[in-house]
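Remarks on the overall topology
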Amino acid sequence: MSPLSKHLRRISTLAVVAFCGLLAGCEGLPAIGVTSSEGRDSSSDLMPGTSNAPKPLSPLSGKLTITGSSTVAPLAAEMATRFEQRHRDVRIDVQTGGSSRGIIDVQSGLAGIGMASRQLSPFEAGLTAHRIAVDGVCLIVHKTNPVMTLTDEQVVAIYRGQVSNWSELGGADLPVVVVNKAAGRATLEVFLNHFGLDNAEIKADIIVGENQQGIKTVAGNPSAIAYVSIGTVSAEVERGTAIRSVPAGNVAPTSENVASGLYPITRPLLFVTNGELNDLQTAFIEFAQSPDVTDLIEAQYFVPPNR
Amino acid sequence: MSPISLRLSILSRRTVDLIAGRWFCATAVLAASIVLLILVFVVREASSALSDIGVVRFLTDDTWRPTAGAKASYGIIPMLAGSLFVTSGAVIVAGVPGVLSALLIRFYAPPFLATIHRRVIELLAGVPSVVFGFWGLVVLVPIINRLHPPGQSLLAGILILSLMILPTIALTAEAALRGVPASYSSAAAALGMGRWATIWNVSLPVARRGILAGFLLAATRAIGETMAVVMVCGNIVQVPDSLFAPVRTVTANIAMEMGDAQAEHRSALFLTGLALMVLVALFLIAAGGPRRSEVS
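Residues numbered from 1 in each chain as written. Chains lettered and ligands numbered in written order. Predicted model: local features only at pLDDT ≥ 70, side-chain atom pairs only at ≥ 80, totals over all residues. Heavy atoms only, no water.

Remarks on the overall build of chain B
The cut-off we apply is this: For the purposes of this entry, the term helix denotes a DSSP run of H or I that reaches at least four residues, the term strand denotes a run of E that reaches at least two, and both are numbered from the N terminus. Computation of the radius of gyration draws on C-alpha atoms, with the globule rule given as 2.2 Å multiplied by the number of residues to the power 0.38. Note on classification: 1.4 Å probe, protein chains only; a residue is buried when its accessible area is under 20% of the maximum for its type, exposed when over 50%, partly exposed between these limits. We call two residues in contact whenever any of their non-hydrogen atoms come within 4.5 Å of each other.
Scanning chain B from N- to C-terminus turns up 12 helices and 2 strands. Helices and strands appear in chain B in the N-to-C order α-α-α-β-β-α-α-α-α-α-α-α-α-α. At 24 Å, chain B has a C-alpha radius of gyration far larger than the 19 Å of a compact globule built from 296 residues. Across the 296 residues that make up chain B, the buried fraction comes to 46%. Taking all contacts inside chain B whose residues are at least 6 apart in sequence as the whole, residues at least 24 apart take part in 71%.

Set out below in structure tokens:
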């Protein structure tokens, strides 16, 4: 064999070994990319901002990753865009995947800030919650449904399957189609807590994931009832979608009633952090709680918390 | 002449083969190891569910309620049944029009019409699944709801999936029919057989294995489909008792719950994913057999 071909053979062998090493290396990093439904890139997201944390007086720079609740994400993305315009060297990535995902990512350091649309549970005690807005959860029915109000008892009866026809509630002779949320969703927890229901006793006809899926389901089904975030409902009603919100305990689900605390089914929208904050995290959270973003919160039909 | 091209020109043909062979080998190893690593990863993530909950509970629990704490149950049979019903229904519904459109392209349509029909089928194959799902949710589901509420149902899933796998069946059937030697149809013509008699007695029997392989490939696509199914199937964990009953498939379950799942729940979801991979592997083994023998 010629020296050249021997050389080439060694190179190609090396290449194969290098490939395998590369792959073995990847295997050591759990839960990056493979498990997230939205996909996130790996290495550079680890503890964003820490490696190049700016000195106190220098302008802000670096990268911040925010993950979590799909309810908070659109708002956080708007805030991030405005923040980036003011600080040219800052890059903020907002990714969705649910409140629990946000909390897990903050605990593991994958994200600098997590987004949650529910209170932190006692198991999540080590984390700090920063309230950026309040949202309500409301029941929705099809626009043509003549039933205008429902008492808490009626809602419980519907979701337990004890009422199966709208005529029993003064509506048309149509079977009630009960729409519930998938296990683990923040809206589900808020709903169950308020009505004192256990998810196991709910007799659902349809289970949906995101708010939008719930809205589309009710808009296409005159006999369906679902519950979704008030923010998304107001936006859809304005757009002419065939849905109508149902008052809870005679209080209309409006931003004003959520702000005043009259409306009973509410949840906080939180930024969640773990341990000491770096300058970038501090600055962004202060920005998100400042009057500078009130218009963004209101544009998403959420309510700025009383400060 | 540059030094590099000079050196290339003096490489023996054998050396070129050697370089190419090694390089192809390396890329093949890479591709294969990615699949293996995914499998290793899924098994590792599922291992805590396997050891703490055990396969028996996954097969005998009657429902899926992984977040209920002490009363949690992990039955995946209703969801496996959901996946299998939706998939087999879609293959049955798409099978006949798929094979018929292949016959149209091969035997009946004038060339320009055959080309147009082929292009349309290929276009159908390129429609993203979320578009099918959205269309199903806003158009198909309300129609089914008028027949029998709630609309989001096994039937809606079957119809949407059959649209999605129709191109796979039609295009593989067409390729299989094209693979039938021309001498066979010439012989049939020499015997005085008509067009339909030739198709029925000669072309279809000869292409049968290829067509069936297409059915199995379509089934693997249908069973793995997620987005469209989440939107139209209603996602209730139950073994459906009618076409109008909502079902939850294994893939829909993973898509809906993975974002919020923690600890045991998360591991259990990986185990359902593993179960699905095994099922798809069985499909592919079944599809691989006929395809090999078709070549001969």
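Some thoughts on the overall build of chain A
Rules: Computed by Shrake-Rupley with a 1.4 Å probe, the accessible areas treat only the displayed protein chains as cover when residues are assessed.
A tally of regular secondary structure across chain A gives 10 helices and 9 strands. Taken over 307 residues, chain A has a buried fraction of 51%. When contacts within chain A are restricted to residue pairs at least 6 apart in sequence, those whose partners lie at least 24 apart make up 73%. For chain A, the accessible area works out to roughly 13400 Å², and carbon and sulfur atoms hold 55% of it.

Details of the side chain of B:Thr272
Residues and elements named next belong to chain B. Inclusion rule: As used in this structure description, the phrase polar contact means that two N or O atoms lie within 3.5 Å; if the pair is within protein, one of them must be able to donate a hydrogen and the other to accept it, and residues adjacent in sequence are counted only when both atoms belong to side chains.
Mapping Thr-272 onto the fold places it in helix 12 (residues 263-295). What makes Thr-272 buried here is its relative accessible area of 1%. A distance of 2.6 Å separates the side chain of Thr-272 from the backbone oxygen of Leu-269, its partner in a polar contact. Once residues lying within four places of it in the same chain are set aside, the contact partners of Thr-272 are Trp-64, Ile-76, Val-250 and Ile-254.

Points about empty space enclosed by the protein
Put simply, the rule reads: Detection works on a 1 Å grid of protein atoms alone, calling trapped sets that fit a 1.4 Å probe cavities and calling open sets with protein on both sides within 12 Å along at least five of seven lines pockets, with lining residues defined by an atom within 4 Å of a point. Grid points are joined across faces, edges and corners, and a volume is the space filled by probe spheres set on the points. Domain delimitation follows an automatic or database domain assignment.
Under the defined criterion, the tally for this structure stands at 3 cavities of 30 Å³ or more. Considering only enclosed or pocket space, the largest cavity measures out at about 120 Å³ in volume. If you trace the largest cavity, you find 15 residues lining it, with A:Ser70, A:Thr71, A:Arg185, A:Ala186 and A:Thr187 closest to the centre. Mapped onto the domain boundaries, the lining of the largest cavity takes at least three residues apiece from domain 1 (62-134 + 268-299) and domain 2 (136-260) of chain A. In this model, the second largest cavity occupies a volume close to 40 Å³. Looking at the second largest cavity, the residues that line it are A:Lys216, A:Thr217, A:Gly220, A:Asn221, B:Leu137, B:Val141, B:Pro142, B:Pro150 and B:Gln152. Secondary structure elements with two or more residues in the lining of the second largest cavity: helix 6 (211-219) of chain A together with helix 6 (129-147) of chain B.

Details of the domain arrangement of chain A
Interfaces are often sized by the accessible area lost when the parts come together. Residue and element names in this part refer to chain A. Applicable threshold: Throughout, buried area stands for the accessible area (probe radius 1.4 Å) lost by two parts on being put together, summed over both. Polar here means any residue outside two lists: the nonpolar Ala, Val, Leu, Ile, Met, Phe, Trp, Tyr, Cys and Pro, and the charged Asp, Glu, Lys and Arg; Gly therefore counts as polar.
Parsing chain A into structural domains produces domain 1 (62-134 + 268-299) and domain 2 (136-260). A separation of 28 Å is found between the C-alpha centroids of domain 1 and domain 2. Counting from both sides, the interface comprises 6 residues of domain 1 and, opposite them, 7 residues of domain 2. Counting each side, the surface lost to burial between domain 1 and domain 2 is near 440 Å², with a carbon and sulfur contribution of 54%. The interface formed by domain 1 and domain 2 contains 1 residue pair in polar contact (both at pLDDT 80 or more). Its residues assigned to classes, the side of domain 1 that touches domain 2 comprises 1 nonpolar, 4 polar and 1 charged.

Examining the confidence of the model for chain A
Residue and element names in this part refer to chain A. Operational definition: pLDDT is a per-residue confidence score from the predictor, ranging from 0 to 100.
Of the residues in chain A, 80% have a pLDDT of 70 or more, and the chain-wide mean is 80. Under a pLDDT of 50 for its full length, residues 1-6 has, in the predicted model, 6 contacts with residues more than four places off or in other chains. pLDDT under 50 marks residues 8-57. Its contacts with residues more than four places away, or in other chains, come to 64 contacts.

What about the packing of aromatic side chains?
Filter applied, for reference: For this analysis, a ring pair means two rings from Phe, Tyr or Trp (six-membered ring only for Trp) whose centres lie within 6.5 Å, classed as stacked if their planes differ by under 30 degrees, edge-to-face if by over 60, and tilted for the remaining angles.
Overall, the coordinates contain 12 aromatic pairs over all chains when judged by the stated rule. With a centroid separation of 5.7 Å and an interplanar angle of 40°, the aromatic rings of B:Phe58 and B:Tyr74 are classed as tilted. Pair noted here: B:Phe58 is in helix 3 (residues 55-60) and B:Tyr74 is in strand 2 (residues 73-74), with a separation of 16 residues, a long-range link. The buried category is assigned to B:Phe58, whose relative accessible area is 2%. Pairwise contacts between aromatic rings join A:Phe83, A:Phe271, A:Phe284 and A:Phe287 into one cluster.

A short note on a nonpolar patch on the surface
Heads up, the rule is: Patch membership requires more than 30% relative accessible area and the absence of a salt bridge. Residues of like charge join within 9 Å; the nonpolar side chains Val, Leu, Ile, Met, Phe, Trp and Tyr join within 5 Å. The term salt bridge refers to a side-chain nitrogen of Lys or Arg lying within 4 Å of a carboxyl oxygen of Asp or Glu.
Residues B:Ile34, B:Leu36, B:Ile38, B:Leu39, B:Val43 and B:Met277 make up a contiguous nonpolar surface patch of about 470 Å² in total accessible area. For B:Leu36, a relative accessible area of 53% gives the class exposed.

Details of the pattern of salt bridges
Enumeration according to the criterion identifies 17 salt bridges over all chains in this entry. For A:Asp93, the salt bridge identified is with A:Arg91, shortest N-O distance 3.2 Å. Residue classification places A:Asp93 among the buried residues on the basis of a relative accessible area of 15%. On the basis of relative accessibility, which here comes to 46%, the residue A:Arg91 falls in the partly exposed class. Residues joined by salt bridges that share partners form a network here, namely B:Arg106, B:Arg118, B:Arg119, B:Glu122, B:Glu174 and B:Arg178.

Considering the layout of surface pockets
The calculated volume of the largest pocket comes to roughly 1400 Å³. Taken together, 49 residues make up the lining of the largest pocket; nearest its centre are A:Gly184, A:Leu188, A:Glu189, A:Asn199 and B:Thr67. Of all the secondary structure elements, the ones that give two or more residues to the lining of the largest pocket are helix 3 (99-108), strand 5 (177-181), helix 5 (186-195) and strand 9 (266-274) of chain A together with strand 1 (64-65) and helix 12 of chain B. In terms of residues, the lining of the largest pocket owes the most to one element, helix 5 of chain A, which gives 6 residues. Looking at the lining of the largest pocket residue by residue, the classes come out as 22 nonpolar, 15 polar and 12 charged.

Observations concerning helix 4 (residues 152-160) of chain A
Residues and elements named next belong to chain A. Within the span of helix 4, buried status applies to Val-155, Val-156, Ala-157, Ile-158 and Tyr-159. Tucked into the core, helix 4 has its buried residues touching strand 4 (127-142), strand 5, helix 5 and strand 7 (224-229). Following helix 4 by one or two positions, Gly-161 has its phi on the positive side, about 80°.

Side note on the nonpolar core
Rules: We call a set of buried Ala, Val, Leu, Ile, Met, Phe, Trp, Tyr and Cys residues a nonpolar core when their side-chain atoms join them within 4.5 Å.
In terms of nonpolar packing, the biggest core is built from 118 residues, with A:Ile158, A:Tyr159 and A:Phe191 touching the most fellow members. Of the residues forming this core, the biggest block, 13 residues, is contributed by helix 7 (residues 154-178) of chain B. Counting residues in each nonpolar core, the second largest holds 27 residues, with A:Ile66, A:Leu75, A:Phe284 and A:Leu296 among its members.

Re helix 2 (residues 73-86) of chain A
Just so we agree on the cut-off: Every helix has an expected span of 1.5 Å times one less than the residues it contains.
Between its first and last C-alpha, helix 2 of chain A extends 20 Å over 14 residues, near the 20 Å set by a 1.5 Å rise per residue. Structurally, helix 2 of chain A contributes buried residues whose contacts are with strand 2 (90-96), strand 3 (113-116), strand 4, strand 9, helix 9 (279-288) and helix 10 (294-299) of chain A.

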